[in-house]
Amino acid sequence: MSVSDLKKDSLKFLLHYTQTYGDIVHYRAESWLVILVNHPNYIKHVLQEKHHNYTKEGTPDLMMLKPMLGEGLMTSEGDSWFQQRRLIQPAFHRERIEAFSTTITDATQSMLQQWKLIADRDKPLEIAEEMTRLTLQVVAQVLFGVDLNCEADNFGQSVGVINECMAHFDPNNQDQLREFREAMTTLNRLVYKIIQERRCQNEDKRDLLSMMMLATDEKTQEKMSDRHLQEQIFTLLMAGHETTAKALTWTLYLLDQHPVVAKQLQDELATVLKGRIPTYQDLPNLTYTWMVIQESMRLYTPVWMMSRLCRADDEIGGYHIPANALVLISPYAMHRHPGFWQEPEQFNPERFRPEAVAERLPYTYLPFSGGQRQCIGLTLARVETHLVLATLAQQYQLRLIPDHAVEPEALVTLRPHFGLPMTVHSL
Ligand code: HEM
């Protein structure tokens, strides 16, 4: 396997390189000196201990995302990033998320109502799409108080197009460029609609949208422009639904492949909930449910790769890291490191018993990254995946249609390459 295989099969490439050459590997790709670090201490060094020396600015990831996300939270740096993070963070406090837990279970229940029409028949559902629709609805409702129900399909399809274009970007492909522009127009139209509707209502709804509209810049005292608002909303909608949808999709796939785990999950749900819809207060008692989700995010971590540019010469693990080297961190490779995970390819939720978790080095498991740029939405994502799985798995079992090939494809997120068609069976 050589560097030219990187784009063809990034996941195999990552595992091959780290497992053949060790925890720190360097190679040249185009004009970059690339350094892949795959040890919890090295990752901690980059993301936490010396985060000032490792920036997102100038990385290919950022260059790819900026035309779409502009100066939003995900793609900004320095003071601008810090101000935005401080403004947005309160919307993700645990109490706020708790207040929205019924929004999450209501949206799940209404999806399951639709499933009743096809349950116990041979008609499969495209589960990746179902989860995308659901998580988009939840994030729009929780953060911006808008019901995207009617628009979710349009939005989801456009996100799919953008995902494809970014993953297989070819500057000479005019058709691809046209598709990308059309998808962006659809998404921008939806986001502007959200802003305009709120402007017309002209009231402080005390949610993130109102907070962002009312906020003034510390230095200039100016309010956020419509363009910046649009970039921010877009960032949060994009970052907040695609990842969560993929975490749920892979969990449902793995449960079908592991009936013993599925049975243990159903037993826990039956014992704790006794047929009730779960509430936020039930979550601490649904421990196995959460272990299943964590283990799914270990094997199929939605964000499979992160990159940083080294600002000034540094040293990691005794190796010289020159300024301008591109440093890669792959949660996918770290989560399958045989030195830190026994039988890493096996799906085993027992790895997430509290005793086992306590023994693990920080940054061995990092689906939400870590340090300053850790996922801002992690509490929402945790509560949402926990409540959705608990609601769904006590009512239905999903079965992959026979002989359907399931392979992870590393686009912006990790997704099932050929989709995930599953039939729905009542319990
Ligand atoms: C299972 C679900 C999720 C996963 C696995 C996930 C994962 C991640 C990861 C790994 C990063 C760091 C990327 C980097 O440093 O390059 C990140 C950042 C981010 N995530 Fe999430 N995320 C999830 C859900 C969410 C949700 C629900 C939201 C918001 C509604 C969200 C919003 C963001 C934002 C805005 C950032 C950038 C934060 C910053 O740079 O300050 N994510 N996420």
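Because the structure is a prediction, the values reported are computed rather than measured. (Residues numbered from 1 in each chain as written. Predicted model: local features only at pLDDT ≥ 70, side-chain atom pairs only at ≥ 80, totals over all residues. Heavy atoms only, no water.)

## Structural notes on the coordination of the iron atom of the ligand
Under ideal tetrahedral coordination, the four donors around a metal are separated by 109.5 degrees; under ideal octahedral coordination, the six donors are separated by 90 or 180 degrees. The criterion, for reference: Counted as coordinating are nitrogen, oxygen and sulfur atoms within 2.8 Å of the metal, or 3.2 Å for Na, K and Ca, while water is not included, which may make sites look incomplete. Secondary structure elements are taken from DSSP: a helix is a run of H or I of four residues or more, a strand is a run of E of two residues or more, and numbering for both begins at the N terminus.
When only protein atoms are considered, the iron atom of the ligand has one donor, Cys375 (SG), at a distance of 2.3 Å. Here Cys375 is to be found in the loop between helix 16 (354–359) and helix 17 (378–393).

## A word on the pairing of strand 8 (residues 326–329)
Filter applied, for reference: Remark: exposure states derive from per-residue accessible area (1.4 Å probe, protein chains only) relative to the maximum for the residue type, with buried under 20%, exposed over 50%, and partly exposed in between. In this scheme, strands are said to pair when DSSP sees at least two bridges between them.
Where burial is concerned, the two faces of strand 8 agree: the one with Leu326 and Leu328 and the one with Val327 and Ile329 are both buried. Pairing of strand 5 (residues 306–310) with strand 8, which is carried by 4 bridges, proceeds in the antiparallel orientation. Among the inter-strand pairings, Arg308 is bridged to a residue of strand 8, identified as Val327.

## A word on the sheet that holds strand 8
Let me state the cut-off plainly: Any two residues having at least one pair of non-hydrogen atoms within 4.5 Å are treated as being in contact. Here an axis means a line fitted to C-alpha atoms, over the contact stretch when the element is a helix, while the angle between two N-to-C directions is reported on a 0 to 180 degree scale.
The mixed open sheet is built from 5 strands, whose spatial order is 1-2-8-5-3. Edge positions in the sheet fall to strand 1 (24–29) and strand 3 (54–55), since each has one partner strand and no second. Where strand 1 lies against strand 2 (residues 32–37), 6 bridges are found, and the strand directions are antiparallel. Directly across from Val25, in strand 2, lies its bridge partner Leu36. Relative to the sheet, helix 3 (residues 40–49) contacts strand 1, strand 2, strand 3, strand 5 and strand 8, its axis offset from that of strand 8 by approximately 120 degrees.

## Quick look at the packing of helix 12 (residues 226–257) against helix 17
Keep this limit in mind: For any helix crossing, the convention is left-handed if the near helix is rotated counterclockwise from the far helix by under a right angle, and right-handed if that rotation is clockwise. Put simply, Ala, Val, Leu, Ile, Met, Phe, Trp, Tyr, Cys and Pro go in the nonpolar bin, Asp, Glu, Lys and Arg in the charged bin, and everything else, Gly too, in the polar bin.
Put simply, helix 12 and helix 17 touch, their axes get as near as 10 Å, and they point 35 degrees apart. In this structure, helix 12 crosses over helix 17, and the sense of that crossing is right-handed. Packed against helix 12, whose contacting residues are Thr244, Ala247, Leu248, Thr251, Leu252 and Leu255, the element helix 17 presents Ala381, Glu384, Thr385, Val388, Leu389 and Leu392 at the interface. Split into classes, the residues belonging to the contact of helix 12 with helix 17 amount to 8 nonpolar, 3 polar and 1 charged.

## Digging into the site of the ligand
Spelled out, the test is: Whether a residue is near a molecule or strand depends on its heavy atoms: if one lies within 4 Å, it is near. Polar contact is the term for a pair of N or O atoms within 3.5 Å; when the atoms are in protein, one must be able to donate a hydrogen and the other to accept it, and sequence-neighboring residues count only if both atoms are side-chain atoms.
By nearness alone, 28 residues border the ligand, and Trp81, Arg85, Arg308, Arg373 and Cys375 come closest of all. For the ligand, an oxygen atom lies 2.7 Å from a polar atom in the side chain of Trp81. Take Arg85: an N or O atom from its side chain is 2.7 Å from an oxygen atom of the ligand. Secondary-structure elements contributing two or more residues to the shell around the ligand are helix 5 (78–88), helix 8 (127–144), helix 12, strand 5 and helix 17.

## Some remarks on the side chain of Gln394
Residue placement: Gln394 occurs in the loop between helix 17 and strand 9 (396–400). The exposure class of Gln394 is buried, given its relative accessible area of 18%. Within the structure, Gln394 has its side chain in polar contact with the backbone oxygen of Arg276 (distance 2.7 Å). The residues touching Gln394, leaving out its near neighbours within four places in the chain, are Leu269, Leu273, Gly275, Arg276, Ile277, Pro278 and Leu427.

## Focus on unusual backbone geometry
With phi around 75 degrees, Asn324 is a residue other than glycine that occupies positive phi space. Along the polypeptide, Asn324 turns up in the loop between strand 7 (319–321) and strand 8. With phi around 75 degrees, Tyr363 is a residue other than glycine that occupies positive phi space. Its place among the elements puts Tyr363 in the loop between helix 16 and helix 17. A relative accessible area of 10% places Tyr363 in the buried class.

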